[in-house]
Amino acid sequence: LSLHAGENELRAGYSSRFFWIAPGAADPIHPLMLQTLLLSDVYQPTKRSTWRTNLQAVYGEEDSIGLAQLLPGQGALPTSLRIFSATGAIGASWRSSRLTALSFQLTALHRRPLDDQTAAATAGGLLLGTQTTLSAVPALLYTLSRRSRMEFSVPVSYSNSSTNAGTPGTTATTASYLVVQPQVAWSDELSRWHQLRLAVGASYADA
């Protein structure tokens, strides 16, 4: 659903994904349902400035059979896991001159499992914990020519994750990370169908 009103454009979307799986010979085939809700808004008060807001919520069962194949030896990993995640982002861009533009984006993510993982914890299997991440990306764009431009950005993110099997008296394991990634990128429109982008940067992580 899309709604246009002057300088504002609002979009809303909903999707459902269904998987039918047979975990084992003795297990009945049952569907896994994953629901996603999307909301976005673009507001352009002037010709030089734009505000963007995005919200996404995901709820349902994820298929982890493929994850078990990628991580062998995880015998206690469930074939499916109910999860909830929410992501929100707000960003603004402003063209300060004919050649220069500034942008800033702030993003928040929260993801957590909803099922009891006691069996996986008892068997020493993989535990999927609760994760919360905040990130900010200031950026400067400079136009070199009609086809090429430079971009300077310093993404900064802070993440906190905790793992708990869900049983009473279980102590949660918590970890926090701070990551700073200054980088510079150059992009060039080689033709109507081809674009070249080169980027270099550094990462500093503090756990």
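Here's a quick rundown of the structure. Keep in mind the model is a prediction, meaning the values are calculated, not measured.

Thresholds applied
Residues numbered from 1 in each chain as written. Predicted model: local features only at pLDDT ≥ 70, side-chain atom pairs only at ≥ 80, totals over all residues. Heavy atoms only, no water. Helix = DSSP H or I, 4+ residues; strand = E, 2+ residues; numbered from the N terminus. Buried < 20%, exposed > 50% of the residue type's maximum accessible area, 1.4 Å probe, protein only. Contact = heavy atoms within 4.5 Å. Areas by Shrake-Rupley, 256 points an atom, 1.4 Å probe, with all protein chains shown as cover. Salt bridge = Lys/Arg side-chain N within 4 Å of Asp/Glu carboxyl O. Pairing = 2+ DSSP bridges. Patch = residues over 30% accessible without salt bridge, like charges linked within 9 Å, V, L, I, M, F, W, Y side chains within 5 Å.

**Focus on the overall build of the protein chain**
Here is step 1: Helices and strands together make up the secondary structure of the protein chain, namely 2 helices and 13 strands.
Here is step 2: Here the protein chain, with 207 residues, has 19% of them falling under the buried criterion.
Here is step 3: Here the analysis covers contacts within the protein chain between residues at least 6 apart in sequence; of these, 49% occur between residues at least 24 apart.
Here is step 4: Taken as a whole, the protein chain presents about 13700 Å² of accessible surface, with 60% of it coming from carbon and sulfur.

**Thoughts on the pattern of salt bridges**
Here is step 1: Taken as a whole, this structure holds 2 salt bridges when the rule is applied.
Here is step 2: Notably, a salt bridge pairs glutamate 9 with arginine 11, separated by 2.7 Å at the nearest N-O pair.
Here is step 3: Overall, the relative accessible area of 43% leaves arginine 11 in the partly exposed class.
Here is step 4: In this structure, arginine 197 and glutamate 151 form a salt bridge, with 3.7 Å as the shortest nitrogen-oxygen distance. Pair noted here: arginine 197 is in strand β12 (residues 195-201) and glutamate 151 is in strand β8 (residues 148-153), with a separation of 46 residues, a long-range link.

**Some points on the environment of leucine 34**
Here is step 1: Considering the arrangement of structural elements, one finds leucine 34 in strand β3 (residues 30-43).
Here is step 2: Taking C-alpha positions, leucine 34 is 5.7 Å from serine 16, a pair spaced 18 residues apart along the chain.
Here is step 3: Excluding anything up to four places from it in sequence, leucine 34 contacts Ser15, Ser16, Arg17, Val58, Tyr59, Gly60, Glu61, Glu62 and Ile83.

**Focus: the pairing of β3**
Here is step 1: Both strand β2 (residues 8-21) and β3 contribute to a ladder of 14 bridges, which runs antiparallel. Residue pairing in the sheet places leucine 10 in a bridge with aspartate 41 of β3.
Here is step 2: Here β3 runs beside strand β4 (residues 49-63); their pairing, made up of 10 bridges, is antiparallel. Bridge assignment links threonine 36 to a residue of β4, and that residue is valine 58.
Here is step 3: Where β3 folds back on β4, the antiparallel hairpin that results is connected by 5 residues.

**Brief notes about a nonpolar patch on the surface**
Here is step 1: A cluster of nonpolar side chains, contributed by Tyr14, Phe18, Trp20, Ile29, Met33, Leu37, Leu39 and Leu55, occupies part of the molecular surface with about 840 Å² of accessible area.
Here is step 2: Looking at the nonpolar patch, the elements that each hand over two or more residues are β2 and β3.
Here is step 3: Along the chain, methionine 33 falls in strand β3.
Here is step 4: We classify methionine 33 as partly exposed; its relative accessible area is 32%.

**Focus: the pairing of strand β9 (residues 156-163)**
Here is step 1: As paired elements, strand β7 (residues 130-143) and β9 share 7 bridges and run antiparallel to each other. Looking at β9, one finds that serine 135 is bridged to serine 157.
Here is step 2: Looking at chain direction, β9 and strand β10 (residues 173-180) are connected through 8 bridges and run antiparallel. Considered in β10, the bridge of serine 157 is made with valine 179.

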